[in-house]
Amino acid sequence: MKLVVVSAGLSVPSSTRLLADRLAAATGRYTSVDVQVVELRDLAVEIAHNFTSGFPGRALSAALEAVTEADGLIVVTPVFSASYSGLFKSFFDVLDQDALTGKPVLIAATGGSARHSLVLEHALRPLFAYLRAVVVPTAVYAASEDWGAEGLAERIDRAAGELGRLMEGLGSGAGAGAGAGAGAVRRADKADAAERADASVAVDTDTAAAIAPRALDGALASADRFTVIPFEQQLAALRP
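The structure presented is a predicted model; accordingly, all values stated were derived computationally and were not measured. Within each chain, residues carry numbers counting from 1 in the order of the written sequence. Owing to the predicted nature of the model, reporting of local features is limited to residues with pLDDT of at least 70; listing and counting of side-chain atom pairs is limited to 80 or more, with chain, interface and lining totals taken over all residues. Where side-chain values are given, they derive from all heavy atoms of the structure, hydrogens and water being excluded.

Enquirer: Honestly, the overall build of the chain in this entry has me stumped. Any pointers?
Expert: Helix numbering and strand numbering both begin at the N terminus, where a helix is a DSSP run of H or I of at least 4 residues and a strand a DSSP run of E of at least 2. On a plain count of helices and strands, the chain comes out with 8 helices and 7 strands. Three exposure classes are used, based on accessible area relative to the maximum for each residue type with a 1.4 Å probe and protein chains only: buried under 20%, partly exposed in between, and exposed over 50%. Here the chain holds 240 residues, and 36% of them are scored as buried. Any two residues having at least one pair of non-hydrogen atoms within 4.5 Å are treated as being in contact. In the chain, once contacts between residues fewer than 6 apart in sequence are set aside, the share between residues at least 24 apart is 77%. For the chain, the accessible surface area stands at approximately 13,600 Å², while carbon and sulfur atoms represent 58% of it. Note that accessible areas follow from Shrake-Rupley with a 1.4 Å probe, and for residues the cover is restricted to the protein chains shown.

Enquirer: Would you explain the packing of helix α2 (residues 44-53) against helix α3 (residues 58-69) in this entry?
Expert: A pair of packed helices is characterised by two quantities: the angle between their axes and the separation of those axes. Interaxial angles span 0 to 180 degrees and are taken between N-to-C directions of axes, which are lines fitted to C-alpha atoms, for helices over the stretch in contact. Across the interface, α2 lies against α3 with an axial gap of 8 Å and an inter-helix angle of 90 degrees. Here α3 runs roughly perpendicular to α2, going by the angle between their axes. Along its contact with α2, which presents Glu46, Ile47 and Asn50, the element α3 presents Arg58, Ala59 and Leu60. Ten residue types, Ala, Val, Leu, Ile, Met, Phe, Trp, Tyr, Cys and Pro, are classed as nonpolar, four, Asp, Glu, Lys and Arg, as charged, and the remainder, Gly among them, as polar. Here the residues of the contact of α2 with α3 sort into 3 nonpolar, 1 polar and 2 charged. Oblique is the label for any angle not under 35 degrees, not over 145, and not in the 65 to 115 range, which are roughly parallel, roughly antiparallel and roughly perpendicular in turn.

Enquirer: Please clarify how the side chain of Asp146 should be interpreted in this entry.
Expert: With respect to the secondary-structure elements, Asp146 resides in the loop between β7 (140-143) and α6 (152-174). Owing to a relative accessible area of 19%, Asp146 belongs among the buried residues under this scheme. Residues contacting Asp146, with those up to four places away along its chain left out, are Tyr141, Leu152 and Arg155.

Enquirer: I'm lost on the side chain of Thr27 in this one. Help?
Expert: Take Thr27: it is sitting in helix α1 (residues 15-28). Given the relative accessible area of 0%, Thr27 is considered buried. Here the side chain of Thr27 touches Leu23 through a polar contact of 2.8 Å, landing on its backbone oxygen. Here Thr27 is in contact with Leu3, Ile74, Ala160, Leu163 and Gly164, once residues within four sequence places are set aside. For the purposes of these results, a polar contact is taken to be a pair of N or O atoms within 3.5 Å, where, inside protein, one atom must be able to donate a hydrogen and its partner to accept one; residues adjacent in sequence count only when each atom of the pair is a side-chain atom.

Enquirer: Honestly, α1 in this entry has me stumped. Any pointers?
Expert: Every α-helical turn comprises 3.6 residues, leaving residues that sit three or four positions apart pointing alike. A helix is expected to span 1.5 Å multiplied by its residue count minus one. With 14 residues, α1 extends 20 Å between its outermost C-alpha atoms, agreeing within 8% with the 20 Å of an ideal straight helix rising 1.5 Å per residue. Among the residues making up α1, those that are buried are Thr16, Leu19, Ala20, Leu23, Ala24, Ala26 and Thr27. Summarising the axial view, the buried residues of α1 lie within an arc of 165 degrees, below the 170-degree limit, and thus occupy one face. The backbone nitrogen of Thr16 has a side-chain oxygen 3.1 Å away, supplied by the residue at the start of α1, namely Ser14. What the arc describes is the spread of directions from the helix axis to the C-beta atoms.

Enquirer: Can you walk me through the packing of aromatic side chains in this structure?
Expert: Note on aromatic pairs: each is described by the distance of the centres and the angle between the planes. Aromatic pairs are defined between Phe, Tyr and Trp rings, using the six-membered ring for Trp, whenever the two ring centres lie within 6.5 Å; interplanar angles under 30 degrees are classed as stacked, those over 60 as edge-to-face, and all others as tilted. Across all of its chains, the model carries 5 aromatic pairs by this definition. Aromatic side chains Tyr84 and Phe88 sit 6.1 Å apart centroid to centroid with 35 degrees between the ring planes, which places their arrangement in the tilted category. For Tyr84, a relative accessible area of 19% gives the class buried. Take Phe88: its relative accessible area is 0%, and that puts it in the buried class. Note on Phe88 and Phe92: the rings are 5.0 Å apart at their centroids and 55 degrees apart in plane angle, and the pair reads as tilted. Here the residue Phe88 and the residue Phe92 both occupy positions in helix α4 (residues 86-94), the gap between them amounting to 4 residues, near one helical turn. Aromatic ring contacts, followed pair by pair, group Tyr84, Phe88, Phe91, Phe92 and Phe128 into a single cluster.

Enquirer: Any chance you could explain the pattern of salt bridges here in plain terms?
Expert: A side chain of one charge can pair with a side chain of the opposite charge when the charged atoms of the two come close. By convention in these notes, a salt bridge is any Lys or Arg side-chain nitrogen within 4 Å of a carboxyl oxygen on Asp or Glu. One pass over the full model with this rule turns up 8 salt bridges. Among the ionic pairs, Asp98 bridges to Arg132, the shortest N-O distance being 2.3 Å. One end of the pair, Asp98, is in the loop between α4 and β5 (104-111); the other, Arg132, is in the loop between α5 (119-130) and β6 (134-135), and 34 residues separate them in sequence. When its relative accessible area of 44% is taken as the criterion, Asp98 is described as partly exposed. A relative accessible area of 42% means that Arg132 is categorised as partly exposed. Among the ionic pairs, Arg125 bridges to Glu121, the shortest N-O distance being 2.6 Å. In this pair, Arg125 and Glu121 are both assigned in helix α5, 4 residues apart and thus about one turn of the helix distant. Since its relative accessible area comes to 38%, Glu121 is described here as partly exposed. Salt bridges sharing common partners tie together Arg17, Asp21 and Glu39.

Structure, rendered in C-alpha cells:
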C-alpha cells in the first residue's frame, strides 16, 4: 500500500520532518507500505502560483496526485500563531475537495511549547473532518522538550498502529470493495422493486378490468333499492 507523508517543515534539518519520518517508520512495522514524502517547503512557490493562475506546476501536480492516490496519509505541520502553518493550509486548499474522502489520515504537529498541543484537536482534526477524511484517534504532538523524553515514542507507536490497522482494513476490500458490492446490491434491489412494481400494476389493471363490471352492476342494483328524496321534501317533513 502507498503511504504519503506530507511535511510542512521549513528548516533543514526540521523537527517536523523528523517526526514525520518516525511516524512513517512506525507505521511500516504494522503494515507493508511504500512511503513517499511530500516536502511542502519545496512546493511553496508553485502553491502560490496555483492560487493566482488556477493551474498547478509540474511538481505540485505530482504531489497532489500522490496524495489523492494514497492509501493513507501522515500530515505534520509546525505550529504558527496557535494553528497550522499557512503553507500547510494552502496545500490542502489547492487539493481537490473530494480527494481525501474516506482516506485514513494521521495528524501530527511540532512546536516550541507543550501549551500548543491542543492545535491537533482545535485546528487539524476539524480541517480533515471537513475534508471527510478518516482521522485516526491518536494525534501526536512533539514539543521541544519531548524529544528524547518518555512518552513520545509510545504516542508515535500507538498512532502508527491505528493508521496501519485502518489502512489494512480499508485495503482488504472492506472499504472500497464492500462499497462497490453494496452499490451493486442496491442497484439489484432497485431493479427487483421496479419489476415488482410493474407486475403489481399489471395485476391491478387486470383485476380492475375483471371487477369493474361487477362493481358497476352492484352500484346500479343499490340505486334500484334506494329512493333519493330531495332536500326540500326532507325539510318540509320536519316542519310542524
